[in-house]
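Structural overview for review
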Amino acid sequence: MAPPLQAGPRLVPPSDPNSPDRSPNKRGRPEKPRRRRRFSLFAGLIWPLRLLATLVVAALVAGLVIGAYVFERDTANLPSLETLRHYQPKLMTRLYAANDQLQAELATERRIYVPITRIPLVVQQAFIAVEDHNFYEHPGIDPAAILRAAVTDALQFGQHKRPIGASTITQQVAKNMLLNDKVSLRRKIREAVLAMRMERVLSKQQILQLYLNQIYLGEGAYGVGAAALAYFDKPIEKITLPEAAMLASLPKAPAYFDPFLHPRQARIRRDYVLDRMVDNRAITLAQAKAAKAQPVTPVPYTRPRTIAGADYFTDEVRQRLIARFGLKRTETGGLTVHTTLDPRLQALADRALHDGLLAYDRRHPSWRGPVGHIAPPSGAWATAAWAKALAHHPAPPGMLAQWQLGLVVAETPGSATIGLLLDGKPVTAALPLSALGWARHEDAAGNLGPPPRRLADVVVPGDVVMLRVTPPAKGKPLAIALRQIPAISGAILALDPATGRVLAMSGGWNFALSQFDRATQAQRQPGSSFKPMVYLAAMEKNISPSQRFLDAPFVLDMGAAGKWRPGNYENSFGGPTSLHTAIGQSLNLVTVRLAAHIGMRSVARVAEAFGMAKKLPLLLPAALGAIDTTVLREAGAYASLDTLGLKVVPHFIDSVSDRNGRVLWQASGLACQGCNDPTAPPTIVDNHPRIADAQSVFQVVMMMHGVVINGTGGGTQQQFATMLAGKTGTTNNAVDAWFSGFSPDLVTVVWVGFDNPRSLGPNEQGAIAALPIWREFMKGALATRPKLTFTPPAGVTVASWQSAHGPALDAFKPGQAPGVSGPLDTGGQGTASDAAAGATGTAAPASGGVDKSLGGLY
């Protein structure tokens, strides 16, 4: 058998330069044969691994670059460290009336700020245990909580569940400082950065104080101070351990764990908080067991009683705060505002205005229908059925608190059976047809039809109506009367003339019905209530109250506008008439001649100085009140008359303080010298500027005193012990009705009219529509005040004299004699511009001939 073949060395021809046996090295010697390379699996992956490593490094670099960019972008506009040091949560602004009674709260978030030193330790521990048990250890963020949340969120991915939170208390505070509360990665980055910054500039106690005062806890309560009241009707200082755990259970889901709505869930969550407090060693196991044994018993918050009927006043204060401090600071700055409101006078003003508008509504009876209708059943209406239906029927806006809703459940030819709830119990009462004679219907032209002849003309079964209810007493049965909200509007405002403090104001029937304030916003013509401005301008020219001017037809050439022919209310003429009588009887023709004599520039100066008008047109119709003004403006002007020529600017706010008690604004006018100096006697200093001489103003006041004795407001003074002065006002066609007047220490202005100007109707005027409201209010307001008289200034003489309309009491300057009058004017003919310029003389022209200075008026 042949031997096996053995492999020998590979033979390479000598001519092959690559032969290992023959290729020389650098020294010319043949190189040794190389060993064959051996490739493994690992060696084959080197290049892919190198490529992967390169990509990873590139990705990391790109991630760092992008991360740096995103970090820079997302944190560029974060609050500065200085902002963090001085950050304060939103606080509601509180308004207090003059008697320190809470008037109103202005807020976007109802929060009561409580310093950390006043928050019980058990409350602090409860929130820390359930919200951030590592609060005192972490630097603003909790890495362990973040990791736990990340894992949980990854497992829940795609299940449409809200991500698990890992925010610390510091992060929650930071979140509330950011504008965007939408859950996003960007917000989380900003939260974390801001939280770590906060930890560098604020102590843990400061952060906890911010958190406990700004977190929302349901029931409209922000912060633990407000929540303690909302859920337990007690201050935070009196919160017990189980109550503290209850409060700490709310941040997770305030509505779901609300003890009023879900007591079972609330108790489970409360007990969970107690367990966490044990784990955190804040309480013992025995304390937790005792707390768990306590039932969940929330107590509804009894809000402080605010002032009924002060909504118009409050809204005006709010508008003025916004104008001075801005909307944000007004509603979130925690301001303390002391207003000028007198709650007793406000109640009197509301009642007087309501009574007066209801009286007008009865003088012009027009039934405007029921406030609702509930379909009655086919058969008899069961008591339980109609009582339930009535209980769920909402009260219409504007319904007075003392009225009730009633339901017509049946009717007979002469009477309707009205069901109502008296103290929550269903009762019935009869509404006879004989009591509904006023409930007539008005046609499209405004004409009233005859009184109703049958009940169906007024109400039918199922109608819901408003009622005034007189409960049964002393053997008298239950009595009801049909009521409706008047279509007429009105306003009343009262102020202290010495200070300008507005004491009461109602800008309409009801704020819920209409927020338009007719006392401060409605521009209406004052009519004859403007005339004191004209007579004061005359008194300043040394014209006597007993000076006579001609009460006769008057014509003014208005150029392209034609001829103006004013007249008196009664269309009568009295011939030569004293100014005392003219203002008392509100004679237009005498007033126009007086204004033409002294010049409209003089009238304008007085009206603008007293604030009756911003810019008075230099036209004679303006002397009769053909201008626009407001109830507030007129009240300020009359207050300046009451103070004998001192400028009075009405104000609604006494002072405004910030959340730290620092006074930001205070009303001026009166100052006290020596009040802070125990060695000096206190002296009240009046800083009101003088805008007219006291003697002239007092002469007008005394003439206005005659108005309420035997003038257009005659009979009013006789009902009061305090001396009064006033003036009626009625515009053309009785569109606006006014009475404005004052005692030595109280000014009150009343206006009545329709929001869409139209006539008040036949025989309506200031003395009928507005004066009764003024009189009713002043009787109540002056009942508790001292009986005062107007004090004459030095240099004037108060004397009685006999006028054409009876005895007159007036003030006279030196050189003037009671009852004495200079020559009368006779007039000629002229132009409106001549009347505007007026005369420069101080008395009426001589009789006989033509008075050229009057522009020929006749």
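This write-up is about the structure you can find in this document. Computed from a predicted structure; not experimentally measured.

What counts, and at which threshold
Residues numbered from 1 in each chain as written. Predicted model: local features only at pLDDT ≥ 70, side-chain atom pairs only at ≥ 80, totals over all residues. Heavy atoms only, no water. Helix = DSSP H or I, 4+ residues; strand = E, 2+ residues; numbered from the N terminus. Buried < 20%, exposed > 50% of the residue type's maximum accessible area, 1.4 Å probe, protein only. Areas by Shrake-Rupley, 256 points an atom, 1.4 Å probe, with all protein chains shown as cover. Axes fitted to C-alpha atoms, helices over the stretch in contact; angles between N-to-C directions. Left-handed = near helix turned anticlockwise from the far one by under 90°. Contact = heavy atoms within 4.5 Å. Pairing = 2+ DSSP bridges. Phe/Tyr/Trp six-rings, centres within 6.5 Å; stacked < 30°, edge-to-face > 60°. Expected span 1.5 Å × (residues − 1). Parallel < 35°, antiparallel > 145°, perpendicular 65-115°, else oblique. Salt bridge = Lys/Arg side-chain N within 4 Å of Asp/Glu carboxyl O.

**Some words on the overall build of the protein chain**
Summing up its helical and strand segments, the protein chain has 25 helices and 26 strands in all. Counting all 858 residues of the protein chain, 50% fall into the buried class. Total accessible area on the protein chain is roughly 41,900 Å²; 56% of this is exposed by carbon and sulfur atoms.

**Brief notes about the packing of helix α17 (residues 531–539) against helix α21 (residues 631–642)**
α21 packs onto α17 with a crossing angle of 35 degrees between their chain directions and a minimal axis gap of 11 Å. In this structure, α17 crosses over α21, and the sense of that crossing is left-handed. Across from P532, M533 and L536 in α17, the residues of α21 making contact are A637, Y638 and L641.

**Comments concerning the sheet that holds strand β12 (residues 489–495)**
Reading across the sheet, the five strands line up as β13-β12-β24-β23-β22 and stay open at both edges, with antiparallel pairing between neighbours. Because the sheet does not close on itself, it has two edges, and the strands there are β13 (502–506) and β22 (725–730). Direction aside, the axes of adjacent strands within the sheet are offset by 5 degrees on average. Looking at chain direction, strand β23 (residues 736–743) and strand β24 (residues 746–753) are connected through eight bridges and run antiparallel. In the sheet register, W738 faces β24, and the bridge partner there is W751. On top of the sheet, helix α15 (residues 343–363) reaches β12, β13 and β24; it is set at about 30 degrees to β13, its chief contact.

**A short note on the packing of aromatic side chains**
Applying the stated criterion across every chain yields a total of 15 aromatic pairs. Ring centres 6.3 Å apart and planes at 75 degrees place the aromatic pair Y638 and F742 in the edge-to-face group. Of this pair, Y638 sits in helix α21 while F742 sits in strand β23, placing them 104 residues apart in sequence. F742 carries the same exposure label as Y638, and that label is buried. Here F742 and F790 contribute two aromatic rings whose centre-to-centre distance is 5.8 Å and whose plane-to-plane angle is 80 degrees, an arrangement assigned as edge-to-face. Here F742, found in strand β23, pairs with F790, found in the loop between α24 (771–782) and β25 (797–803); they are 48 residues apart in sequence, far enough to count as distant. By relative accessible area, F742 is classed as buried at 0%. F790 gets classed as buried once you look at its relative accessible area, which sits at 10%.

**A look at the pairing of β24**
Summarising burial for β24: eight of the eight residues are buried, a large majority. Residues L746, T748, V750 and V752 point to one face of β24 and V747, V749, W751 and G753 to the other, with burial holding for every one of them. By the bridge criterion, seven bridges tie β12 to β24 in an arrangement that is antiparallel. For I492, the partnering residue across the bridge sits in β24 and is V750. If you look at the hairpin formed by β23 and β24, you'll find two residues sitting between the two strands.

**Regarding the sheet that holds strand β19 (residues 663–666)**
The five strands lie next to each other as β2-β1-β5-β18-β19, forming an open sheet whose pairing is mixed. At either margin of the open sheet sits one strand with a lone partner, and together these are β2 (102–106) and β19. Taking the axes of each pair of neighbouring strands and ignoring which way they run, one obtains an average angle of 15 degrees across the sheet. Judged from the four bridges that link them, strand β1 (residues 93–96) and β2 form a sheet pairing that is antiparallel. In the sheet register, R94 faces β2, and the bridge partner there is E105.

**Section: helix α13 (residues 311–325)**
Working note: α-helix, 3.6 residues per turn, so residues spaced by three or four point in the same direction. Along its 15 residues, α13 runs 21 Å from first to last C-alpha, staying within 8% of the 21 Å computed at 1.5 Å per residue. If you check which residues of α13 are buried, you get Y312, F313, T314, E316, V317, L321 and F325. Taken from the residues just after α13, G326 is the one with a positive phi, measuring 90 degrees.

**Examining the packing of helix α10 (residues 241–248) against helix α11 (residues 263–279)**
Between two packed helices, both the angle of their axes relative to each other and the distance between the axes serve to describe the pair. Close contact between α10 and α11 brings their axes to 8 Å; oriented N to C, the two are set at 105 degrees. Here α11 runs roughly perpendicular to α10, going by the angle between their axes. Contact residues: α10 offers L241, P242, A245, M246 and A248, while α11 offers A266, R270, V273, L274 and M277.

**Side note on the environment of L587**
The residue L587 is located in the loop between α18 (579–584) and α19 (588–598) in this model. Separated by 10 residues in sequence, L587 and T577 place their C-alpha atoms 9.3 Å apart. With residues near it in sequence (within four places) discarded, L587 still touches K531, Y535, D551, N568, T577 and A582.

**Digging into the pattern of salt bridges**
Under the definition given, this model contains 21 salt bridges. For the salt bridge of R111 with E109, the shortest nitrogen-to-oxygen distance reads 2.9 Å. Owing to a relative accessible area of 3%, R111 belongs among the buried residues under this scheme. Of the residues examined, E109 reaches a relative accessible area of 17% and is grouped as buried. We note a salt bridge from R518 to D755, for which the minimum N-O separation is 2.8 Å. With a gap of 237 residues between them, R518 in the loop between β13 and α17 and D755 in the loop between β24 and α23 (766–769) connect regions that are remote in the sequence. With relative accessibility at 5%, the residue R518 sits in the buried group. A single network of salt bridges, built from pairs that share partners, joins K90, E109 and R111.

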